[in-house]
Amino acid sequence: MSLINTEIKPFKAAAYKNGQFVDVTDATLKGKWSVVVFYPADFTFVCPTELEDLADHYEQFQKLGVEIYAVSTDTHFAHKAWHDTSDAIKKVQYTMIGDPTGAITRNFEVMIEEEGLALRGTFLINPEGQIKLCEIHDNGIGRDASELLRKVKAAQYVASHPGEVCPAKWKEGEKTLKPSLSLVGKI
């Protein structure tokens with residue numbers, strides 16, 4: 001069964017954000033657009049490049065009303081230590097959630113049980129708490145924040161323009177489609 005259009009499951013976790021420990025729950029994610037990015041572990045190789053890329057684009061996400069949450073099965077203490085020691089992670093201003101029990105990781109179906117680590121999962125959640133985008137990568141394949149931004153804009157456009165859809169490679173301001181009988185076989 002797909003997670004698309006399902007509501008996020010309840011959770012509560014400790015997180016690290018801007019020099020402080022904070023609590024985050026499923027309710028925290030509701031009321032605005034949220035991106036939840038799972039990654040295998042702190043102090044690794046591909047992970048800091050991805051989190052730094054998101055940090056470099058964070059202001060653009062914020063302008064769209066989107067909050068970012070990074071999640072690994074490390075603790076919030078490990079997130080702080082990583083933030084304090086890595087030049088790439090020092091750039092991170094968004095919330096880094098600790099999931100040492102793996103409960104959140106399992107809720108989003110990205111747990112590698114035999115390793116106790118998460119796959120690279122990216123989830124876009126609408127203000128109602130429904131998952132609108134789900135991408136899961138092998139852990140050797142890094143993600144691109146600019147492509148995620150494009151997809152967020154497309155999801156927000158579709159949400160605010162009922163009856164319209166965004167074609168492949170759609171970018172903000174470009175033509176959309178209105179599915180109808182008259183389009184069948186014309187594209």
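Just above, that's the structure.
The sections below set out a description of the structure shown in this document. (Residues numbered from 1 in each chain as written. Predicted model: local features only at pLDDT ≥ 70, side-chain atom pairs only at ≥ 80, totals over all residues. Heavy atoms only, no water.)

### Examining the overall build of the protein chain
And step 1. From N to C terminus, the protein chain includes five helices and nine strands.
And step 2. Along the chain direction, N to C, the helices and strands of the protein chain fall in the order β-β-α-β-α-β-α-β-α-β-β-β-β-α.
And step 3. Relative to its length of 187 residues, the protein chain is compact, with a C-alpha radius of gyration of 17 Å against a globular reference of 16 Å.
And step 4. Over its C-alpha atoms, taken along the principal directions, the protein chain stretches across nearly 55 × 35 × 30 Å.
And step 5. For the protein chain, buried positions account for 45% of its 187 residues.
And step 6. Partitioning the contacts of the protein chain with sequence separation of at least 6, the portion at a separation of at least 24 is 65%.
And step 7. In the form shown here, the protein chain has an accessible surface area of approximately 9600 Å², with 55% of it arising from carbon and sulfur atoms.
And step 8. Here the protein chain carries 21 positive and 26 negative side-chain charges, and the mean point of each set is 7 Å from the other. (Helix = DSSP H or I, 4+ residues; strand = E, 2+ residues; numbered from the N terminus. Rg over C-alpha atoms; globule rule 2.2 N^0.38 Å. Buried < 20%, exposed > 50% of the residue type's maximum accessible area, 1.4 Å probe, protein only. Contact = heavy atoms within 4.5 Å. Areas by Shrake-Rupley, 256 points an atom, 1.4 Å probe, with all protein chains shown as cover. Lys, Arg positive; Asp, Glu negative; His and termini not counted. Charge placed at Lys NZ, Arg CZ, Asp CG, Glu CD.)

### So, the pattern of salt bridges
And step 1. The full count for this structure, using the stated rule, is 14 salt bridges.
And step 2. E52 is paired through a salt bridge with K91; the nearest N and O atoms lie 2.7 Å apart. With E52 in helix α2 (residues 46-63) and K91 in the loop between α3 (76-85) and β5 (95-98), this pair connects stretches of sequence that are 39 residues apart.
And step 3. Taking relative accessible area as the criterion, E52 reaches 23% and is therefore assigned partly exposed.
And step 4. Here K91 falls in the partly exposed class, since its relative accessible area comes to 39%.
And step 5. A salt bridge links R106 to E113; its shortest N-O distance comes to 2.9 Å.
And step 6. On the basis of relative accessibility, which here comes to 38%, the residue R106 falls in the partly exposed class.
And step 7. Members of the salt-bridge network, linked through shared partners, are E135, E147, R150 and K151. (Salt bridge = Lys/Arg side-chain N within 4 Å of Asp/Glu carboxyl O.)

### Digging into the sheet that holds strand β4 (residues 66-72)
And step 1. Spatial strand order, β2-β1-β5-β4-β3-β8-β9: seven strands in an open sheet with mixed pairing. Of all the strands in the sheet, the pair left with one neighbour each is β2 (20-25) and β9 (131-137). Each adjacent strand pair in this sheet contributes to an overall mean axis angle of 25°, direction not counted.
And step 2. Direction of pairing for strand β8 (residues 120-125) relative to β9: antiparallel, over a ladder of six bridges. Across the sheet, L124 pairs through a bridge with L133, a residue of β9.
And step 3. Along the sheet, α2 makes contact with β1 (12-17), β3 (33-38), β4, β5 and β8, crossing β4 at roughly 165°. (Pairing = 2+ DSSP bridges. Axes fitted to C-alpha atoms, helices over the stretch in contact; angles between N-to-C directions.)

### Looking at the packing of α2 against helix α5 (residues 145-160)
And step 1. It is at 9 Å that the axes of α2 and α5 come closest, and there the two elements cross at 30°. By the angle class used here, α2 and α5 are roughly parallel. Between α2 and α5 the crossing geometry is right-handed. Taking contact as the criterion, the partners of D53, L54, H57, Q60 and F61 in α2 are, on α5, A145, S146, L148, L149 and V152.
And step 2. Of the residues contributing to the contact of α2 with α5, the split by class is six nonpolar, three polar and one charged. (Parallel < 35°, antiparallel > 145°, perpendicular 65-115°, else oblique. Left-handed = near helix turned anticlockwise from the far one by under 90°. Nonpolar A, V, L, I, M, F, W, Y, C, P; charged D, E, K, R; others polar.)

### Remarks on the side chain of N126
And step 1. Among the secondary structure elements, N126 is positioned in the loop between β8 and β9.
And step 2. There is a polar contact of 3.0 Å between the side chain of N126 and the backbone nitrogen of E128.
And step 3. If we skip the residues at most four places from it in the chain, N126 touches K32, W33 and K132. (Polar contact = N/O pair within 3.5 Å; in protein donor to acceptor, adjacent residues only side chain to side chain.)

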